[in-house]
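# Summary of the model geometry
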Amino acid sequence: ISGWDRFGACLSFIGRNFLPFGLVAAAGLGAVCPGPGLELARIGLQRWTTAGIFVCSGLGLRWQEARSASQAPGALAFGLLSILVFTPLLALPVLRLPIEPFALPAGLAVFLFMPTTLSSGIALTQAAGGNTAFAVLLTLGSNFVGVLTVPFALALAFGSGAAAGAPGISIPPGPMFCSLLVTVLLPVAAAAALRAAVPAIARAVDARRRALGILSSCLLISVPYTQVSKAVAGGLEVSLGPLLAVVAAALAIHCLYLAFNAGAARALALGGQEGDPGVRGIRQAVVLCGSQKTLPIAVTVLQQLGPALGPAAGLAVVPCIACHIGQILVDSVLVARWSAAGAPETPV
């Protein structure tokens, strides 16, 4: 293999994993070169990039796929409860972790409260041969309902932190709900409505899905750059130990999510009895989508929590990045295992 072939293969690999590489590079660049990030924060770029992320998400939504996946209401109910109620419970012990600064476990806890990913859960379900339409339904349902529930859940969890030895943080849920409504729900709904109303836009978006994904990734990558830049410019220093501890906690929690959702899917016979047509695909969608959390909404929430978390607020995005990358890597290995084993009935 020539040097050019190796170079081309390397570029192709980076292109397929553009978002994880970009997030890591942005955090590193913010640590060593915070000046441009501070300028971007000063002009308020994050408000526009956040809205742009969810406009891209709305343009890519395919409502007809979600409408075709209503054959398993029990599995749908469990999936939504797992995403929005059961899995966020682990955020409570995370807030008690003896890791300093508190922004690190706080960022991880915020991530655990989030609804499922906007795209990777669907993509991995499709790659595994699962029920993609059901994954779309779980994604849409959890993200729309999550905008309503997340502010109140965060207010309860962080407000009770003082009793556990962690600093209690007052989070008024009303302003956060209004912020999520404006920055998340309205852009997604408006873009999705535009796609549904104008078939030419839907065709153009579908023909350029990769370009739209790269644009969305670039907008998302700019957020940790500005956040980390502000933390570093404020003179905050963090040793490697706390960072490794919170990354290890993130990976362990994601593995627990996978085990919980897989066990519950089998124990509750979600989608029907084993051997019934389509059962495996529904369970795979529940396991993957039920175990993942979305990064864009997490960083949107962290921007609202900045004043409450203090000078270290910019570092709260670091565990979110680690969680996002970790869940993609772990679930990619899981999907490859399913494919190599002929997609067995037992997910994990």
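Here is a short report on the structure shown in this document. (Residues numbered from 1 in each chain as written. Predicted model: local features only at pLDDT ≥ 70, side-chain atom pairs only at ≥ 80, totals over all residues. Heavy atoms only, no water.)

### A few points about the side chain of T49
Position of T49 among the secondary structure elements: in helix α4 (residues 45-60). Beyond its immediate chain neighbours, meaning those up to four positions away, T49 contacts L219, S222 and V223. (Helix = DSSP H or I, 4+ residues; strand = E, 2+ residues; numbered from the N terminus. Contact = heavy atoms within 4.5 Å.)

### Section: the pattern of salt bridges
Opposite charge on two side chains lets them pair, provided their charged atoms get close. A full pass over the atoms with the stated rule returns 3 salt bridges. For R195, the salt bridge is made with D206, and the minimal N-O distance between the two is 3.1 Å. Of this pair, R195 sits in helix α11 (residues 173-197) while D206 sits in helix α12 (residues 199-207), and the two are 11 residues apart along the sequence. Judged by its relative accessible area of 32%, D206 is partly exposed. The salt bridge partner of D206 is R209, with a shortest N-O separation of 3.0 Å. Judged by its relative accessible area of 35%, R209 is partly exposed. Here the salt bridges do not stand alone but share partners, grouping R195, D206 and R209 into one network. (Salt bridge = Lys/Arg side-chain N within 4 Å of Asp/Glu carboxyl O. Buried < 20%, exposed > 50% of the residue type's maximum accessible area, 1.4 Å probe, protein only.)

### Observations regarding the packing of aromatic side chains
What the rule picks out here adds up to 3 aromatic pairs. Aromatic side chains F78 and F260 sit 6.1 Å apart centroid to centroid with 40 degrees between the ring planes, which places their arrangement in the tilted category. Placement of the pair is F78 in helix α6 (residues 73-86) and F260 in helix α14 (residues 240-267), with a sequence separation of 182 residues. The class of F260 is partly exposed, set by a relative accessible area of 38%. Centroid distance F86 to F260: 6.1 Å. Interplanar angle 80 degrees. Geometry classified as edge-to-face. You can see F86 sitting in helix α6 and its partner F260 sitting in helix α14, a full 174 residues away along the chain. Here the aromatic cluster, defined as three or more aromatic residues joined through ring pairs, consists of F78, F86 and F260. (Phe/Tyr/Trp six-rings, centres within 6.5 Å; stacked < 30°, edge-to-face > 60°.)

### A closer look at the side chain of H324
Inspection of the secondary structure assignment puts H324 in helix α17 (residues 317-340). With a relative accessible area of 6%, H324 lands in the buried category. Sequence-distant contacts of H324, defined by excluding residues within four places in its chain, comprise L19, L23, F111 and L295.

### Observations concerning helix α15 (residues 279-291)
Taking 1.5 Å of rise per residue, the 13 residues of α15 would be expected to cover 18 Å, and the 18 Å separating its terminal C-alpha atoms lies within 8% of that figure. Most of α15 sits inside the fold, with 12 of its 13 residues counted as buried. For α15, every residue scored as buried is listed here: V279, G281, I282, R283, Q284, A285, V286, V287, L288, C289, G290 and S291. For α15, the secondary structure elements touched by its buried residues are α6, α9 (120-127), α10 (132-159), α14 and α17. (Expected span 1.5 Å × (residues − 1).)

### Some thoughts on the layout of surface pockets
One number sums up the size of the second largest pocket: a volume of about 370 Å³. Surrounding the second largest pocket, 19 residues form its lining, Q46, Q227, K230, Q303 and Q304 being those nearest its centre. Elements represented by at least two residues in the lining of the second largest pocket include exactly α4, α11, α13 (209-233) and α16 (295-309). No other element matches α16, which puts 5 residues into the lining of the second largest pocket. (1 Å grid on protein atoms, 1.4 Å probe; cavity = no way out; pocket = protein on both sides within 12 Å on 5 of 7 lines; lining within 4 Å. Points joined across faces, edges and corners; volume = space filled by probe spheres on them.)

### Topic: unusual backbone geometry
Geometrically, the link from E100 to P101 is a cis peptide bond, its omega value of 0 degrees lying close to zero. Mapped onto the elements, P101 comes out in the loop between α7 (91-94) and α8 (103-112).

### Comments concerning the nonpolar core
Across soluble globular proteins, nonpolar side chains show a tendency to be buried alongside one another. Judged by nonpolar contacts, the single largest core of 79 residues is most densely connected at L108, L154, F158 and V301. Of the residues forming this core, the biggest block, 11 residues, is contributed by α10. In this view, L108 contacts V94, V246, A249, A250, I253, P319 and C323; residues no more than four positions away in its chain are not counted. Listed in part, the 9 residues of the second largest apolar core include A262, V287, L334 and W338. (Core = buried A, V, L, I, M, F, W, Y, C linked by side-chain atoms within 4.5 Å.)

### Focus: empty space enclosed by the protein
All told, the structure shown has 2 cavities of 30 Å³ or more when counted by the stated rule. Here the largest cavity defines a volume of roughly 80 Å³. Every residue lining the largest cavity is counted, 13 residues in all, and those nearest its centre are F111, A250, H254, C323 and Q327. Counting residues per element, the ones that place at least two in the lining of the largest cavity are α8, α14 and α17.

### Topic: the environment of V317
Its place among the elements puts V317 in helix α17. For the pair V317 and L104, spaced 213 residues apart in the sequence, the C-alpha separation amounts to 8.0 Å. Once residues lying within four places of it in the same chain are set aside, the contact partners of V317 are P224, Q227, V228, V299 and L302.

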